[in-house]
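Descriptive analysis of the structure
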Amino acid sequence: MAEEFDFISATDKPALLAFSTPEWLETAKAALHELGYKVHTAATHSDFATRFSQIRYQVVILEELFAANSLAENSTLQGLQVMPMQQRRHATIILFGSSFQTFTPMQAFQQSVHAVLNVSEIFLLKQLIEKAVSDNTFFLHSFRDAQAYVQSNRA
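Cut-offs applied
Residues numbered from 1 in each chain as written. Predicted model: local features only at pLDDT ≥ 70, side-chain atom pairs only at ≥ 80, totals over all residues. Heavy atoms only, no water. Phe/Tyr/Trp six-rings, centres within 6.5 Å; stacked < 30°, edge-to-face > 60°. Helix = DSSP H or I, 4+ residues; strand = E, 2+ residues; numbered from the N terminus. Buried < 20%, exposed > 50% of the residue type's maximum accessible area, 1.4 Å probe, protein only. Lys NZ or Arg CZ within 6 Å of the ring centre and 35° of its normal. Pairing = 2+ DSSP bridges. Axes fitted to C-alpha atoms, helices over the stretch in contact; angles between N-to-C directions. Contact = heavy atoms within 4.5 Å. Core = buried A, V, L, I, M, F, W, Y, C linked by side-chain atoms within 4.5 Å. Lys, Arg positive; Asp, Glu negative; His and termini not counted. Salt bridge = Lys/Arg side-chain N within 4 Å of Asp/Glu carboxyl O.

1. Some details on the packing of aromatic side chains
- Tallied over the entire structure, the rule returns 3 aromatic pairs.
- With centroids separated by 5.5 Å and ring planes inclined at 80°, the aromatic side chains of Trp-24 and Phe-96 adopt a geometry described as edge-to-face. Here Trp-24, found in helix α1 (residues 22–34), pairs with Phe-96, found in strand β4 (residues 92–97); they are 72 residues apart in sequence, far enough to count as distant.
- Given a relative accessible area of 22%, Trp-24 falls into the partly exposed group.
- When the ring centre of Phe-103 is taken as origin, the NZ or CZ atom of Lys-131, which lies over that ring, is 5.2 Å away.

2. Considerations on the sheet that holds strand β1 (residues 14–18)
- On the basis of which strands lie adjacent, the open sheet formed by 5 strands has the order β2-β1-β3-β4-β5 and parallel pairing. Every other strand in the sheet has two partners, leaving β2 (38–41) and β5 (115–118) as the edge strands with one partner each. Strand-to-strand twist across the sheet, computed as the mean angle between neighbouring axes with direction ignored, equals 20°.
- The sheet contact formed by β1 and β2 spans 4 bridges and is parallel. What sits directly across from Leu-17, in β2, is Thr-41.
- Packed onto the sheet, helix α6 (residues 125–139) meets β3 (59–63), β4 and β5 and runs at close to 140° relative to β4.

3. Points about unusual backbone geometry
- Even without glycine at this site, Ala-67 takes up a positive phi of about 50°.
- Its place among the elements puts Ala-67 in the loop between β3 and α3 (75–82).
- On the basis of relative accessibility, which here comes to 42%, the residue Ala-67 falls in the partly exposed class.
- The phi torsion at Ser-112 lies on the positive side, around 60°, for a residue other than glycine.
- Mapped onto the secondary structure, Ser-112 falls in the loop between α5 (105–110) and β5.

4. With respect to the pairing of β3
- A large share of β3 lies buried, amounting to 5 of its 5 residues.
- What you see with β3 is no split at all: Val-59, Ile-61 and Glu-63 on one side and Val-60 and Leu-62 on the other are buried throughout.
- As paired strands, β3 and β4 are joined by 5 bridges and run parallel to one another. What sits directly across from Leu-62, in β4, is Leu-95.

5. Here's the deal with the nonpolar core
- Ranked by internal contacts, the top residues of the largest apolar core, which has 23 residues, are Leu-32, Ile-61 and Ile-129.
- Counting only elements with at least two residues in this core, the list comes to β1, α1, β3, β4, β5 and α6.
- Broken down by element, the residue count for this core peaks at 5 residues, all from α6.
- Beyond its immediate sequence surroundings of up to four residues, Ile-61 is in contact with Leu-16, Leu-17, Ala-18, Phe-19, Leu-32, Ile-94, Phe-96 and Ile-129.
- If you look at the next biggest cluster of nonpolar residues, it comprises 18 residues, including Phe-48, Phe-52, Val-60 and Phe-66.

6. Details of the side chain of Glu-63
- Structurally, the position occupied by Glu-63 is in strand β3.
- Put simply, Glu-63 is tucked away with no salt bridge, and the nearest opposite charge, on Lys-29, sits 13 Å away.
- For Glu-63, the residues in contact, after removing those within four places along its chain, are Ala-18, Phe-19, Ser-20, Thr-21, Trp-24, Asn-74, Leu-95 and Phe-96.

Okay, structure coming up:
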């Protein structure tokens, strides 16, 4: 099956989803579309890695059991956890699943993501994404400014 080419412009807000549960995937897509994001979906761990390395996604939502039977088997999450900060801090990374309590900072820290969301609150997904992005933008504002300053002085 041929993959469609999807052009990302400078004004687009790209988002990447990695879900195994179709209903949750559709809910996340709808929420992100309502928020004005251009949504891509990853079907496999290697598809995720390829897409994430090619585009600076603003939002990434990953299901805890994406193409895995347990959290420990989720190689996409493991790859994000060991990735150097400068390669992943452009995105707000949200981990979605039933084993988390929504917006528990210690759980997010343990998983090396910006926020964790519980499935039971999927009906609030649009608002939860907005809050996670806002919190992450506020928290990393100084880091991103310093990174942009360093980048601009290298030229």
